[in-house]
Structure formats: structure tokens, C-alpha cells
Amino acid sequence: MSEYFDSFISPLGAMEIIATDKAISSIHFVERPQAKQPNGVTAQTKQQLLEYFDGSRKQFDLPLDAHGTAFQKQVWHALTTVDYGLTCSYADIANKINNPKAVRAVGAANGKNPLTIVVPCHRVIGANGSLTGYASGTERKAWLLNHESPSLF
């Protein structure tokens with residue numbers, strides 16, 4: 001199966017999209033993107049991310065194929081139910097997947113999310129309302145949350 005690559009400069013830095021013929025497997029911030037070899041899936045993803053950044057898109061409609069454990073995929077799916085402009089806690093996600101004692105494991109799965117922004121791990125904050133870790137940096141997390149709801153942070 002072939003892999004396709006595309007990248008663009010977002011307000012938060014360079015982003016790279018990796019896809020197969022049928023779905024996105026990775027979206028992440030990078031220092032230096034790989035050489036571009038786009039396809040229809042990467043083009044659609046890039047367009048929707050650009051619309052997100054310009055404020056005209058609040059939901060994504062993309063084919064996803066993230067690689068991870070069954071538990072990670074369950075957490076990532078739960079993250080997609082957190083609406084634009086809202087936040088939740090790690091405990092909320094653990095409860096959503098019917099595993100209330102898995103708060104730390106939810107945090108670990110959140111940190112391994114390979115589809116940043118589209119699977120909105122940035123919307124998960126501490127139970128006390130504080131900004132907690134974000135694999136791409138808490139500055140980016142704060143920017144994303146403020147982009148979605150300027151009154152949050």
C-alpha cells in the first residue's frame with residue numbers, strides 16, 4: 001500500500017499529513033516536512049485543516065485510519081465526540097469509554113494520538129480546568145482552545 005505526504009504552514013507551524021489511498025494515518029506538527037507526494041486524501045485533509053484555521057470549519061469529515069491498540073482507538077474515537085469549543089477531562093473520557101479507573105491510560109492514549117486537531121486531543125484538560133500536557137506543546141494547545149472559544153484560556 002502506498003503512502004502519500006503533503007504539508008502546509010499553519011498558524012502554529014508546519015504540519016504534515018500522511019495518508020494511504022483511502023484514509024489519513026497521521027497529521028502532526030513537524031520541523032521540516034518530507035518531500036510532497038500528495039493524493040486526493042491528503043488534499044481533502046489539507047483543505048479541511050485550512051478551513052479550520054480560518055474559522056470556517058468546526059467539524060471534520062475525513063476517512064481516518066490511525067494505527068494503535070484497541071484501547072487507544074477507543075479513546076481516540078471518544079475524543080471525536082468532544083464538540084468544537086468545548087473541553088472535557090481525562091476522567092470524562094474514561095467514563096465515556098466505560099472504564100472510569102483508566103484515567104492515566106486515557107492520558108497516555110491521548111498523548112499518542114496520531115491525528116492532531118482532527119481527533120481533538122487538545123480539548124482534554126485537567127479536572128481542575130488547567131491546561132495539561134499536549135504532545136505538540138501547551139502553547140499550541142492554548143492557541144487551539146482560544147481559536148475555538150476565545151473565553152476558554
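Below is a short write-up of the structure. This one's a predicted model, so the numbers in the text were calculated from it and none came from an experiment. The residue numbering used here restarts from 1 in each chain and proceeds along that chain's sequence as written. With pLDDT at 70 or above as the cut-off, local features in this predicted model cover only qualifying residues; side-chain atom pairs require 80 or more to be listed or tallied, and sums for whole chains, interfaces and linings still use all residues. Only hydrogens and water are set aside; all other atoms, that is, all heavy atoms of the structure, feed into the side-chain values.

Turning next to the overall build of the protein chain. Summing up its helical and strand segments, the protein chain has five helices and five strands in all. Each helix corresponds to a stretch of at least 4 residues labelled H or I by DSSP, and each strand to a stretch of at least 2 residues labelled E; elements are numbered beginning at the N terminus. Scanning the protein chain from its N terminus toward the C terminus, one meets helices and strands in the order β-β-β-α-α-β-α-α-β-α. A compact globule built from 153 residues should have a C-alpha radius of gyration of about 15 Å, and the protein chain, at 15 Å, falls within 12% of that. When its C-alpha atoms are laid out on the principal axes, the protein chain stretches across 40 × 35 × 25 Å. Remark: exposure states derive from per-residue accessible area (1.4 Å probe, protein chains only) relative to the maximum for the residue type, with buried under 20%, exposed over 50%, and partly exposed in between. Within the span of the protein chain, comprising 153 residues, buried residues form 48% of the whole. When the accessible area of the protein chain is evaluated, it comes to approximately 7,800 Å², of which 50% is carbon and sulfur surface. A distance of 6 Å separates the average location of the 14 positive side-chain charges in the protein chain from that of its 13 negative side-chain charges. Put simply, the radius of gyration uses C-alpha atoms, and a globule should come to 2.2 Å times the residue count raised to 0.38. Using a 1.4 Å probe, the Shrake-Rupley method yields the accessible areas, and only the shown protein chains count as cover for residues. Neither His nor the chain termini are counted; the positive set is Lys and Arg, and the negative set is Asp and Glu. Lysine's charge is taken at NZ, arginine's at CZ, aspartate's at CG and glutamate's at CD.

On to the pattern of salt bridges. Any two side chains of opposite charge can pair if their charged atoms end up close together. Note on definitions: salt bridges are taken to be side-chain nitrogens of Lys or Arg within 4 Å of carboxyl oxygens of Asp or Glu. The final tally for this structure, using the stated rule, is four salt bridges. We note a salt bridge from Glu51 to Arg57, for which the minimum N-O separation is 2.8 Å. The shortest N-O distance in the salt bridge between Glu148 and Arg123 comes to 2.8 Å. Note that Glu148 is positioned in helix H5 (residues 138–148) and Arg123 in the loop between helix H4 (103–111) and strand E5 (124–125), a separation of 25 residues in sequence. Overall, Glu148 belongs to the buried group, its relative accessible area being 8%. With relative accessibility at 5%, the residue Arg123 sits in the buried group. Via salt bridges that share partners, Asp6, Lys36 and Lys46 belong to a single interconnected network.

Below, the discussion takes up the packing of aromatic side chains. Aromatic rings considered in pairs are described by the distance between their centres and by the relative angle of their planes. Planes of paired rings set the category: under 30 degrees apart is stacked, over 60 is edge-to-face and the rest tilted, where pairs are Phe, Tyr or Trp rings (Trp by its six-membered ring) whose centres lie within 6.5 Å. The tally for this structure, following the rule as stated, stands at five aromatic pairs. Geometrically, the ring pair formed by Tyr52 and Phe53 is edge-to-face, given 5.3 Å between the ring centres and 75° between the ring planes. A relative accessible area of 0% places Tyr52 in the buried class. Given a relative accessible area of 10%, Phe53 falls into the buried group. Relative to Phe60, the ring of Tyr52 has its centre 5.7 Å away and its plane inclined at 35°; by these criteria the two rings are tilted. Members of the aromatic cluster, connected to one another through ring pairs, are Phe8, Tyr52, Phe53, Phe60, Tyr84 and Trp143. A ring is scored as having a charge over it whenever the NZ atom of a lysine or the CZ atom of an arginine sits within 6 Å of its centre and within 35 degrees of its normal. Above the face of the Phe29 ring, Arg140 is positioned so that its terminal group lies 4.1 Å from the ring centre.

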